[in-house]
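# Structural overview for review
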Amino acid sequence: MLRRSLSEAGSFFRRLLGRGSLEGGPAAGATAPFRHFVEQLVGGAAPISCAPSAAASAERGTGGGDRASLTVHFLRHSCGLEDADAAKAAERVHLRSTKNARAVLALLRDTLGLPPASVARLVTAYPAVLSSLTLGAKLNFYLRELGLSPAELRRFLLASSNRFLTAGLHTRLRPNLSLLRNLLGTEENVLAAVKQSMELIYGNLEIVLLPKLQVLRDHGVTEEVLVKLVTTHPKALVHRSTRFDEGLAAMKDLGVSPDSGIFPYAFGVFAKMYQSKWDRRVQNYISLGWTEEQVRRAFVRHPYCMSVSEDKVKKCMQFIAEKLGWNPDYVSSCPTILSFSHEKRVLPRYRVLDILVSRGVIKNGIRMSHLTMSEKKFKEKYVDRYHEDIPQVLEAYGARTVA
């Protein structure tokens, strides 16, 4: 009888401690002395731990292993990372709680409009974003003070998340914005330049930009030309100093005056391009029957002819030779045609003009000016004017909207 009573008492105390069917009940929070007393009373039990639960410990920031578990869980279930990515990301960020991390996700998703896949991509690339305490202020700077659109901001953020988010608001971003405003004169110019190279807003401009601008001034480049260069080709100024020096030498060799309107475009295209790529483009023109002098002349007149891919140049020159009978000397005198879309501009216009030539409307054949004039003028002069008498021109021109 006594054994039965002790057995029932022991069962009762074990349930009280959370070891029986009542596990997790009110006694789970019993103090250590009381629990020790009961253990000794009933006997045979393993030592009782007074550590808090893993989730509670992690949420309060007590215990590195628990914080790691919380971080991985959050990365997987709240950020959408795969198991392997979550494990790697957890090595680079340790969440003491999820409060700030959830606020960061709300900014990324609601304020910036990042879709879930992009959020996961960003967190994978830069897990420390979850610990950021200045994200809201920086997003406000990029959107309100600088003037980027949400779509532009999303694109730049994903392209260079580390530098985009680590640049100091008061030590780098705002000082750079102030410098650019003074240099470029208008908000429109500043925004145009930054869109070309975000290095202008988060780089050290006193090292990467200002010295080069002074060299250009000493070289004879006017402030007006400098503004145009920074707004159209800033990458030529903030990357590869050796190419910058080569660009100045090349402009002198080509006879491009530093105060001319073509200088910012010629220098910008040349200085952004590796020499190996430049040489490959030159050789491509030569293989199509051009001389080096014709290539140089084309570049000085339309620098972007060197930005056109080799395949596109080959296709364009083949069409020009077969359908229009123009030689490289004629094309190099007005090389803008090389930059036009073949499917949306050159071919539809050729079809319209070819019909008008066959009908005797155009007497002296197709000329370069037919292809280079504005879209509005071409449509008025050669489509709207003749489409009632020669409806084929409307059909031919309409092909440009399908291409």
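Since the structure is predicted, the reported quantities are computational estimates derived from the model, not experimental observations.

The rules behind these values
Residues numbered from 1 in each chain as written. Predicted model: local features only at pLDDT ≥ 70, side-chain atom pairs only at ≥ 80, totals over all residues. Heavy atoms only, no water. Helix = DSSP H or I, 4+ residues; strand = E, 2+ residues; numbered from the N terminus. Buried < 20%, exposed > 50% of the residue type's maximum accessible area, 1.4 Å probe, protein only. Contact = heavy atoms within 4.5 Å. Areas by Shrake-Rupley, 256 points an atom, 1.4 Å probe, with all protein chains shown as cover. Arc of directions from axis to C-beta. Expected span 1.5 Å × (residues − 1). Core = buried A, V, L, I, M, F, W, Y, C linked by side-chain atoms within 4.5 Å. Phe/Tyr/Trp six-rings, centres within 6.5 Å; stacked < 30°, edge-to-face > 60°. Lys NZ or Arg CZ within 6 Å of the ring centre and 35° of its normal. Salt bridge = Lys/Arg side-chain N within 4 Å of Asp/Glu carboxyl O.

### Remarks on the overall build of the protein chain
Helix and strand counts for the protein chain stand at 27 helices and 0 strands. Residues counted as buried form 42% of the 403 residues belonging to the protein chain. Put simply, of all contacts in the protein chain between residues at least 6 apart along the chain, 69% involve residues at least 24 apart. With an accessible surface of roughly 21400 Å², the protein chain has 53% of that area assigned to carbon and sulfur atoms.

### Quick word on helix α12 (residues 187-196)
Buried within α12 are the following residues: Val190, Leu191, Ala193 and Val194. Axial view of α12: buried residues confined to an arc of 165°, hence all on one face. Those residues of α12 that are buried are in contact with α8 (135-146), α9 (150-159), α11 (169-184), α13 (199-202) and α16 (223-232).

### Concerning α11
Here α11 is 16 residues long and its end C-alpha atoms lie 21 Å apart, about the 22 Å a rise of 1.5 Å per residue gives. Every buried residue of α11 is listed here: Leu169, Leu173, Asn176, Leu177, Leu180, Leu183 and Leu184. As for α11, its buried residues are in contact with α8, α12, α13, α14 (205-208), α15 (210-219) and α16. Glycine 185 occupies a position one or two residues after α11 and carries a positive phi of about 90°.

### Structural notes on the nonpolar core
In terms of nonpolar packing, the biggest core is built from 118 residues, with Leu130 and Ile201 touching the most fellow members. Per element, the largest residue contribution to this core is 7 residues, and it comes from helix α24 (residues 342-358). Residues within four places of leucine 130 in sequence aside, it is in contact with Phe74, Leu75, Cys79, Leu95, Asn100, Ala101, Val104, Leu105 and Val123.

### Points about the packing of aromatic side chains
Counting across every chain of the model gives 12 aromatic pairs. Their ring planes at 20° and their centres at 4.2 Å tell us that tyrosine 142 and phenylalanine 164 sit as a pair that is stacked. Taken together, the residues tyrosine 142 in helix α8 and phenylalanine 164 in helix α10 (residues 161-166) connect sequence positions 22 residues apart. The pair formed by tyrosine 142 and phenylalanine 164 is uniform in burial state, with each residue classed as buried. Within the aromatic cluster, the residues linked to one another by ring pairs are Phe141, Tyr142 and Phe164. Directly above the ring of phenylalanine 270 sits arginine 243, whose terminal nitrogen or CZ lies 4.0 Å from the centroid.

### Things to note about the pattern of salt bridges
Per the stated rule, a full pass over the model turns up 15 salt bridges. We note a salt bridge from arginine 296 to aspartate 253, for which the minimum N-O separation is 3.2 Å. You can see arginine 296 sitting in helix α21 (residues 292-301) and its partner aspartate 253 sitting in helix α18 (residues 241-254), a full 43 residues away along the chain. Arginine 296 gets classed as partly exposed once you look at its relative accessible area, which sits at 31%.

### Section: the environment of cysteine 79
Looking at the element boundaries, cysteine 79 is found in the loop between α4 (64-77) and α5 (83-90). Measuring from C-alpha to C-alpha, the distance between cysteine 79 and leucine 130 comes to 9.8 Å, with 51 residues separating the pair along the chain. Apart from residues no more than four positions distant in its own chain, cysteine 79 is found in contact with Phe74, Leu105, Arg109, Pro116, Val119, Ala120, Val123 and Leu130.

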